[in-house]
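Residue-level structural notes
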Amino acid sequence: EIAPRAPPRPGTRSPPMAPDSTANPAMDVDFKKMGIYIDGRTKNELDELLAAKKDADITARDLYGFSCMHYLDDGPMNEAASFFGLSRDASVDTDAPPKKILDFGAGFAGDARVMASEFPGCELTCVEVQPHIHAAAERFTALVGASARCKHQCLDIFNELVVNAPFDHLFSVLVILHIPERDRLWRSLADTLKPGGTAYVEDYFAARPLTDEDKAQLAGPVACPYLPSREEYERTLTDAGFVDVRWETMNEQWAPFVSSRLAKFREAYDRNVRVHGEALTAELDLFYSTVQQLFARGNLGGVRIRVRKRDAA
């Protein structure tokens, strides 16, 4: 069943959405309709957390639930850590230099902070193009004392160099879908990696031809203006210098997750309105329900990609 958007409670009317700073002219993508990116959501959740816990006691895991914006909770992070050969054992390779990981489109950096906190053999560089999200992520990282191994940069990868490159590994989850210039993007990402470096990416693709409704919903609340087919995607990876592509279609796992996420969000309506207000709650509901509808129709595909940059000649 495709769940309709939840109507306002009787006797209420959602006020206009508050202004935000989600426009991204540098990459020609507009995030203003994406509820999870609206300025203030994570601040509201942090205020809620601080009402119950002292800031000195807050951990990266405490911030994780509202600062990571992908599916299957910490599943992607753990899968990436395994692919990158990371270990939670602090005694492993204590003399080896830390593995350098680029978290591209890190958002609020929920994964990066936990990875830096729980996997001692790595250091993260978080790249985010939206200034308000970058600033919030940097504050959260400082709050939990993870700044030494979790650095932040606000930049447009098309126009600026990533400090600390080249990296051993690239991590990017549900980010690339927002950027239509795929050939240019993947070449830019390849340039940030060492020869033989690996990338773990979760993304969307067109599993079947998209309908006009699919395209409108993707371009609107999901800020996804373009999707390639699997064949087009894999050709782009090859052209950018990547090899050993492992393609894992995720619809069977993601479709139930996004349905459950929407149901849980609606069950917590009163709490959400108290924490976020009616306008932001409505925007979040629109986003969650749109994603649920897209996966329910089955034309949108989800993929987990593991890939390696070609060795130096």
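Structure's up top.
For the structure given in this document, a descriptive report is provided here. (Residues numbered from 1 in each chain as written. Predicted model: local features only at pLDDT ≥ 70, side-chain atom pairs only at ≥ 80, totals over all residues. Heavy atoms only, no water.)

Counting through the fold element by element, Arg261 comes out in helix H9 (residues 251-267). The side chain of Arg261 is buried and forms no salt bridge, while Asp73, the nearest opposite charge, is found at 9.2 Å. (Helix = DSSP H or I, 4+ residues; strand = E, 2+ residues; numbered from the N terminus. Buried < 20%, exposed > 50% of the residue type's maximum accessible area, 1.4 Å probe, protein only. Lys, Arg positive; Asp, Glu negative; His and termini not counted. Salt bridge = Lys/Arg side-chain N within 4 Å of Asp/Glu carboxyl O.)

What follows is about the pattern of salt bridges. Evaluation of the coordinates by the stated rule reveals 20 salt bridges. Between Arg297 and Asp214 there is a salt bridge, with its nearest N and O atoms 2.8 Å apart. Of the two residues, Arg297 sits in helix H10 (residues 269-297) while Asp214 sits in helix H7 (residues 212-219), which places them 83 residues apart along the sequence. The residues Arg297 and Asp214 share a single accessibility class, namely buried. The network of salt bridges with shared partners includes Glu79, Glu202, Glu248, Arg304 and Arg306.

To continue, consider the environment of Thr198. Secondary-structure assignment places Thr198 in strand E7 (residues 193-206). Measuring from C-alpha to C-alpha, the distance between Thr198 and Arg310 comes to 9.4 Å, with 112 residues separating the pair along the chain. Once residues within four sequence positions are removed from consideration, Thr198 is found in contact with Phe83, Phe84, Asp168, His169, Leu170, Leu193, Val307 and Arg308. Separated by 2.7 Å, the side chains of Thr198 and His169 make a polar contact. (Contact = heavy atoms within 4.5 Å. Polar contact = N/O pair within 3.5 Å; in protein donor to acceptor, adjacent residues only side chain to side chain.)

In regular strands, side chains alternate between the two faces of the sheet. Within strand E3 (residues 99-104), five of the six residues are buried, which leaves the element mostly enclosed by the surrounding structure. Here E3 pairs with strand E4 (residues 122-128) via six bridges, running parallel. By the bridge assignment for E4, Lys100 is matched with Glu123. The pairing of E3 with strand E6 (residues 167-173) spans three bridges and is classified as parallel. What sits directly across from Asp103, in E6, is Phe171. (Pairing = 2+ DSSP bridges.)

Moving on, we get to the packing of aromatic side chains. Evaluation of the coordinates by the stated rule reveals 14 aromatic pairs. Plain terms: the ring middles of Phe66 and Phe140 are 6.0 Å apart, the flat faces sit at 85 degrees to each other, and that makes the pair edge-to-face. With Phe66 in helix H2 (residues 60-67) and Phe140 in helix H5 (residues 131-143), this residue pair connects regions lying 74 residues apart in the sequence. Assigned by exposure class, Phe66 and Phe140 land together as buried. A ring pair is formed by Phe205 and Trp247, whose centres lie 5.0 Å apart and whose planes are at 75 degrees; its orientation type is edge-to-face. One end of the pair, Phe205, is in strand E7; the other, Trp247, is in strand E8 (residues 242-249), with 42 residues separating them in the sequence. (Phe/Tyr/Trp six-rings, centres within 6.5 Å; stacked < 30°, edge-to-face > 60°.)

Moving on: the sheet that holds strand E5 (residues 150-154). Across the sheet, which stays open at both edges, the seven strands sit in the order E5-E4-E3-E6-E7-E9-E8 with mixed pairing between neighbours. Both edges of this open sheet fall to E5 and E8, since each of them pairs with a single strand only. Each adjacent strand pair in this sheet contributes to an overall mean axis angle of 20 degrees, direction not counted. Direction of pairing for E6 relative to E7: parallel, over a ladder of six bridges. Along E7, the bridge assignment pairs Leu170 with Ala199. Sitting on the sheet, helix H4 (residues 110-118) is in contact with E3, E4, E5 and E6, with an inclination near 170 degrees to E4. (Axes fitted to C-alpha atoms, helices over the stretch in contact; angles between N-to-C directions.)

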